[in-house]
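Per-entry structural report
Residue strings, one per chain:
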Amino acid sequence: MKRLYLQEVATRDGFQNEKTFIDTEQKIALIDKLSQCGYAKIEVTSFTSPKAIPALRDAEAVMAGIQRQKGVEYTVLVPNVRGAERALGCGIDEANLVMSVSEPHNRSNLRMTREQSFAQLRDVVGVIGRGPVAVNVSLSTVFGCPMQGDVAADDVLGWVGRFAELGVRGVTLCDTTGMAYPTQVEALSRQVRERFPELQLTLHFHNTRGMALANTLAALQAGIDRFDASLGGLGGCPYAPGASGNVCMEDLVHMLDLMGYDTGLQLDRVLAASARLPGLIGHATPSQILKAGKRLDLHPIPEHVHTLTQQVAHHD
């Protein structure tokens, strides 16, 4: 049974897109529930400017309030040196840095050129140094950009290489707007694994066009064992209005468990945590398993099946 490592991103990637501010104590309570589910990693919050992402303006308070679970890594998004300094004061296990492989997407999303982003993130890596805090770089739009179109594999490999030279522990390949398709995912995943075997490689899929689970299977074929997903499928992208967000964690775990993979997660606990979300965010989530139940959650047999009293047509 192959061991997989699943990483929860709802409380950062998901919550930052919600219009309703979720109370700090409620965030802490949810993260504490998630810590009991068996995750390899939880992306707790973001140390971006509170003015830029007001939904996560309580980053320090959340990090101070959560109960750390042994064996779970607690990671946060860090955009710049100031954010890194704030995050390092909170006892994080990992800093997650973000930039886009697509030039127009990076300019639109981060208001910088790719070279400017790289210079800024290089400074962040320098501040964190070779100490106990790991560094991961999430590369956006590696499977396509809604403004540029296709993104060349060589371009992706080039940026992965530049960050590998800085000594980062891991890289995440992000399907930011759900443009990936299975054969593309398998091919690029193999290329990155073969060229950079020392990197901890994660795949991050969005379900914008309904292909996130299929893309996960393709990544598995390429030997990927680490995946981001979001409780309830929270998240999204401003370039795909109205579309669903990240691949739904419980849907993903349900599929992988049925296929015999060891995800390390207790699905019932994940579902219980997901059931809390509508009350926190004020709307339903795209979770299919929460709506339909697990495959073998059986229903009562109707009485007429036993008695054959269902009305039938009569013939002369």
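The rules behind each value
Residues numbered from 1 in each chain as written. Predicted model: local features only at pLDDT ≥ 70, side-chain atom pairs only at ≥ 80, totals over all residues. Heavy atoms only, no water. Buried < 20%, exposed > 50% of the residue type's maximum accessible area, 1.4 Å probe, protein only. Helix = DSSP H or I, 4+ residues; strand = E, 2+ residues; numbered from the N terminus. Pairing = 2+ DSSP bridges. Phe/Tyr/Trp six-rings, centres within 6.5 Å; stacked < 30°, edge-to-face > 60°. Axes fitted to C-alpha atoms, helices over the stretch in contact; angles between N-to-C directions. Contact = heavy atoms within 4.5 Å. Parallel < 35°, antiparallel > 145°, perpendicular 65-115°, else oblique. Left-handed = near helix turned anticlockwise from the far one by under 90°. Expected span 1.5 Å × (residues − 1).

1. A short note on the pairing of strand 5 (residues 134-140)
In summary, the side chains of a regular strand alternate between the two faces of the sheet. Among the seven residues in strand 5, seven count as buried, and that is most of the element. Here strand 5 shows two buried faces, one formed by Ala-134, Asn-136, Ser-138 and Ser-140 and the other by Val-135, Val-137 and Leu-139. The pairing of strand 4 (residues 94-100) with strand 5 spans seven bridges and is parallel. Along strand 5, the bridge assignment pairs Val-98 with Ser-138. Note that strand 5 and strand 6 (residues 170-175) share four bridges and pair parallel. Among the inter-strand pairings, Val-137 is bridged to a residue of strand 6, identified as Val-171.

2. Brief notes about the packing of aromatic side chains
A complete count under the given rule lists three aromatic pairs for this structure. The interplanar angle of 70° and the centroid separation of 5.1 Å between the aromatic rings of Phe-118 and Phe-163 together place this pair among those described as edge-to-face. With Phe-118 in helix 6 (residues 114-128) and Phe-163 in helix 7 (residues 153-165), this residue pair connects regions lying 45 residues apart in the sequence. When its relative accessible area of 5% is taken as the criterion, Phe-118 is described as buried. Chaining the aromatic ring pairs together yields one cluster made of Phe-118, Trp-159 and Phe-163.

3. Quick notes on the sheet that holds strand 1 (residues 5-8)
In space, the eight strands of this closed barrel follow the order 1-2-3-4-5-6-7-8, with parallel pairing throughout. Averaged over all pairs of adjacent strands, the angle between strand axes in this sheet comes to 25°, irrespective of strand direction. When strand 6 meets strand 7 (residues 200-205), the two strands line up parallel, connected through six bridges. Counterpart to Cys-174 in the pairing with strand 7 is His-204. In this fold helix 7 packs onto strand 4, strand 5 and strand 6, with an angle of close to 165° to the strand it touches most, strand 5.

4. Considering the environment of Val-72
Inspection of the secondary structure assignment puts Val-72 in the loop between helix 3 (59-65) and strand 3 (73-77). Given the relative accessible area of 9%, Val-72 is considered buried. Linking Val-72 and Asn-106, residues 34 residues apart in sequence, is a C-alpha distance of 31 Å. Not counting the four nearest positions on each side in its chain, Val-72 is found in contact with Ser-35, Tyr-39, Ala-40, Lys-41, Ile-42 and Asp-93.

5. Quick look at the packing of helix 9 (residues 212-221) against helix 10 (residues 249-258)
Remark: helix 9 packs on helix 10, axes separated minimally by 11 Å, with the N-to-C direction vectors making an angle of 50°. Overall, the two elements helix 9 and helix 10 adopt an arrangement that is oblique. For the crossing formed where helix 9 meets helix 10, the hand is right-handed. Across from Leu-213, Thr-216, Leu-217 and Leu-220 in helix 9, the residues of helix 10 making contact are Asp-251, Leu-252, Met-255 and Leu-256.

6. Concerning helix 7
Relative to the 18 Å expected for 13 residues at 1.5 Å per residue, helix 7 spans 18 Å between its end C-alpha atoms, a close match to the ideal helical length. For helix 7, every residue scored as buried is listed here: Val-156, Leu-157, Trp-159, Val-160, Gly-161, Phe-163 and Ala-164. Residues of helix 7 that are buried sit in contact with strand 4, helix 6, strand 5, strand 6 and helix 8 (182-195). At the C-terminal side of helix 7, Gly-167 shows a positive phi close to 90°.

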